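# Residue-level structural notes
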Amino acid sequence: MLEGIGVFSGLSKPELAKLAGWTFELEVPAGEELTKEGRLAHEFFVIEDGAAEVRQDGERIAELGAGDFFGEIGLLETERRTATVTATTDLRVIVMSAQEFRRMEQELPAVADRVRSAIRARLDSRPLSW
């Protein structure tokens, strides 16, 4: 399931197997909040199937779909969620805890570099980061 997701593309089978051991899959019903702006960040999410919206200060700032990820800014930059993410359809997400995310940074630095590049792009594209 991880192979087809952009941020994980190009990883070898052993690297994908290692990554799979650090994640779990979660089904989320439409309408459920996955993150809440201002709360402590504990997970990183990758959308496998479905859609979600991102709101900051109550304003809708983005729509996410399959292959998109979120939660990394809170884990790497701020310790707190910078936006609220709500499932707009039933979702299937891949979840990685903060502890496993840090492990991934150490053992799979290429993936961590891709995530950090995405953070820079997001922070540069918005006056308020999410």
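Note: the structure precedes this text.
What this report covers is the structure whose coordinates are included nearby. Since the model is a prediction, treat every value here as computed from it, not as a measurement. (Residues numbered from 1 in each chain as written. Predicted model: local features only at pLDDT ≥ 70, side-chain atom pairs only at ≥ 80, totals over all residues. Heavy atoms only, no water.)

### A closer look at the side chain of glutamate 53
How we decide: Secondary structure counts use DSSP, requiring at least four H or I residues in a row for a helix and at least two E residues in a row for a strand, with both numbered from the N terminus. Within 3.5 Å is the distance limit for a polar contact, defined as a pair of N or O atoms, with the added protein rule that one can donate a hydrogen and the other accept it, and that residues adjacent in sequence qualify only through two side-chain atoms. Residues are treated as being in contact if the distance between any of their heavy atoms lies within 4.5 Å.
One can find glutamate 53 in strand S4 (residues 52-56). At 3.4 Å, the side chain of glutamate 53 forms a polar contact with the side chain of arginine 60. Discounting chain neighbours no more than four positions away, the residues touching glutamate 53 are Arg60, Ala62, Glu63, Thr84, Val85, Thr86 and Thr88.

### So, unusual backbone geometry
This is how it is decided: Accessible area is worked out with a 1.4 Å probe on protein chains only. A residue is then buried under 20% of its type maximum, exposed over 50%, and partly exposed in between.
Phi is positive for aspartate 57, which is not a glycine, with a value near 50°. Its place among the elements puts aspartate 57 in the loop between S4 and strand S5 (59-64). Among the residues examined, aspartate 57 registers a relative accessible area of 59% and is labelled exposed. We note that glutamate 79 has phi near 70°; this positive angle belongs to a residue other than glycine. Relative to the helices and strands, glutamate 79 resides in the loop between helix H2 (72-78) and strand S7 (84-87).

### Some points on the sheet that holds strand S3 (residues 43-49)
This is how it is decided: Whether two strands pair comes down to DSSP finding at least two bridges between them. Orientation is described by axes fitted as lines to C-alpha atoms, over the contacting stretch for helices, and by angles from 0 to 180 degrees between their N-to-C directions.
In spatial order, the strands read S1-S8-S3-S6; together these four strands make up an open sheet with antiparallel pairing. Of all the strands in the sheet, just strand S1 (23-28) and strand S6 (69-70) have a single pairing partner and so form its edges. Note: S1 against strand S8 (residues 91-97), six bridges, orientation antiparallel. Bridged to glutamate 27 within S8 is arginine 92. Its contacts with the sheet place helix H3 (residues 98-107) against S3 and S8, and it is angled at close to 70° to S8.

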